[in-house]
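# Working through the structure, step by step
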Amino acid sequence: YALGHADKSLKKDKEIVMAAVKQDSHWALQYADDSLKKDREIVMTAVKLFGPGLQHADESLKKDKEIVMAAIKQDSYALEHADESLRKDREFVMATVKENWQALGYADDFLLKDREIVMAAIKQDGRALGYADVSLRKDKEIVLAAVKRNGLALQFADESLKDKEIVMAAIKQDSDALEYVSEELQNDPEIKKLAKG
């Protein structure tokens with residue numbers, strides 16, 4: 001943070017900026033001279049310590065798959081700051097959601113309709129269903145996979161799929177999923193027993 005108050009000449013000094021980045025990668029990268037925001041080594045060090053620091057990198061490095069992936073490994077929110085071309089790149093988005101399911105939330109809308117990408121995220125955490133396109137929230141196979149992974153994913157399922165089979169799968173995984181169930185199914189003796197069990 002002190003780098004923000006330093007002389008311009010110090011903000012251009014790679015050694016000083018690197019030391020600052022290692023102390024506080026978010027603020028240091030923000031206050032570094034523009035020439036060092038293009039420095040691959042400095043930016044890579046920064047994003048490995050604080051993924052969202054990617055927002056302060058030069059635009060050219062926001063297209064660098066290796067740097068963006070390093071940022072995502074540290075924090076899924078980093079994909080938000082990646083170049084749009086990467087957020088539309090199917091192969092890259094697939095790799096990022098396999099690394100961190102929450103990265104799905106920053107993928108291009110078109111890829112939120114991609115069954116394979118959404119399923120890859122759901123395999124990590126069923127709550128990824130919340131990022132999926134509405135069309136996939138009506139897909140029984142996707143919804144069932146999601147609630148088996150995390151019962152609370154039931155809240156994102158289309159109402160038409162909150163049937164007894166899916167509700168029971170969700171409650172087996174997490175009894176708190178009962179909150180997202182119709183009153184009729186809440187009063188179903190089998191579901192009541194399972195929720196108490």
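Each value, and the rule that gives it
Residues numbered from 1 in each chain as written. Predicted model: local features only at pLDDT ≥ 70, side-chain atom pairs only at ≥ 80, totals over all residues. Heavy atoms only, no water. Axes fitted to C-alpha atoms, helices over the stretch in contact; angles between N-to-C directions. Helix = DSSP H or I, 4+ residues; strand = E, 2+ residues; numbered from the N terminus. Parallel < 35°, antiparallel > 145°, perpendicular 65-115°, else oblique. Left-handed = near helix turned anticlockwise from the far one by under 90°. Contact = heavy atoms within 4.5 Å. Nonpolar A, V, L, I, M, F, W, Y, C, P; charged D, E, K, R; others polar. Salt bridge = Lys/Arg side-chain N within 4 Å of Asp/Glu carboxyl O. Buried < 20%, exposed > 50% of the residue type's maximum accessible area, 1.4 Å probe, protein only. Core = buried A, V, L, I, M, F, W, Y, C linked by side-chain atoms within 4.5 Å.

### Description of the packing of helix H9 (residues 115-122) against helix H10 (residues 140-149)
- In contact at an axis separation of 9 Å, H9 and H10 are set at 15 degrees when each is read in the N-to-C sense. Taken together, the axes of H9 and H10 are roughly parallel relative to one another. Note that H9 runs across H10; the crossing there is left-handed. Where H9 abuts H10, its residues Arg115, Val118, Met119 and Ile122 lie against Glu141, Ile142, Ala145, Ala146 and Arg149.
- Here the residues of the contact of H9 with H10 are counted per class, giving six nonpolar, no polar and three charged.

### Here's the deal with the packing of H10 against helix H11 (residues 164-173)
- The geometry of H10 relative to H11 is characterised by a closest axis approach of 7 Å and an angle of 20 degrees between their N-to-C directions. Relative to H11, the element H10 is oriented roughly parallel. Between H10 and H11, the contacting residues are Lys140, Val143, Leu144, Val147, Lys148 and Arg149 on the first element and Glu165, Ile166, Ala169, Ala170 and Gln173 on the second.

### Some details on the pattern of salt bridges
- For the structure shown, the criterion picks out 18 salt bridges.
- Between Glu66 and Arg40 there is a salt bridge whose closest N-O contact spans 2.9 Å. Residue Glu66 is found in helix H6 (residues 65-74), and its partner Arg40 is found in helix H5 (residues 40-49); the two are separated by 26 residues along the sequence.
- With a relative accessible area of 35%, Arg40 lands in the partly exposed category.
- Between Glu159 and Lys162 there is a salt bridge, with the nearest N and O atoms lying 3.0 Å from each other.

### Side note on the nonpolar core
- Within the largest apolar cluster, 38 residues are counted, with the highest numbers of intra-cluster contacts made by Val97, Leu104, Ile122, Leu129, Val147 and Leu154.
- Mapped by element, the contributors of at least two residues to this core are helix H8 (90-99), H9, H10, H11 and helix H13 (189-196).
- Judged by nonpolar contacts, the second largest core, of 28 residues, contains Ile42, Val43, Phe92 and Ala103.

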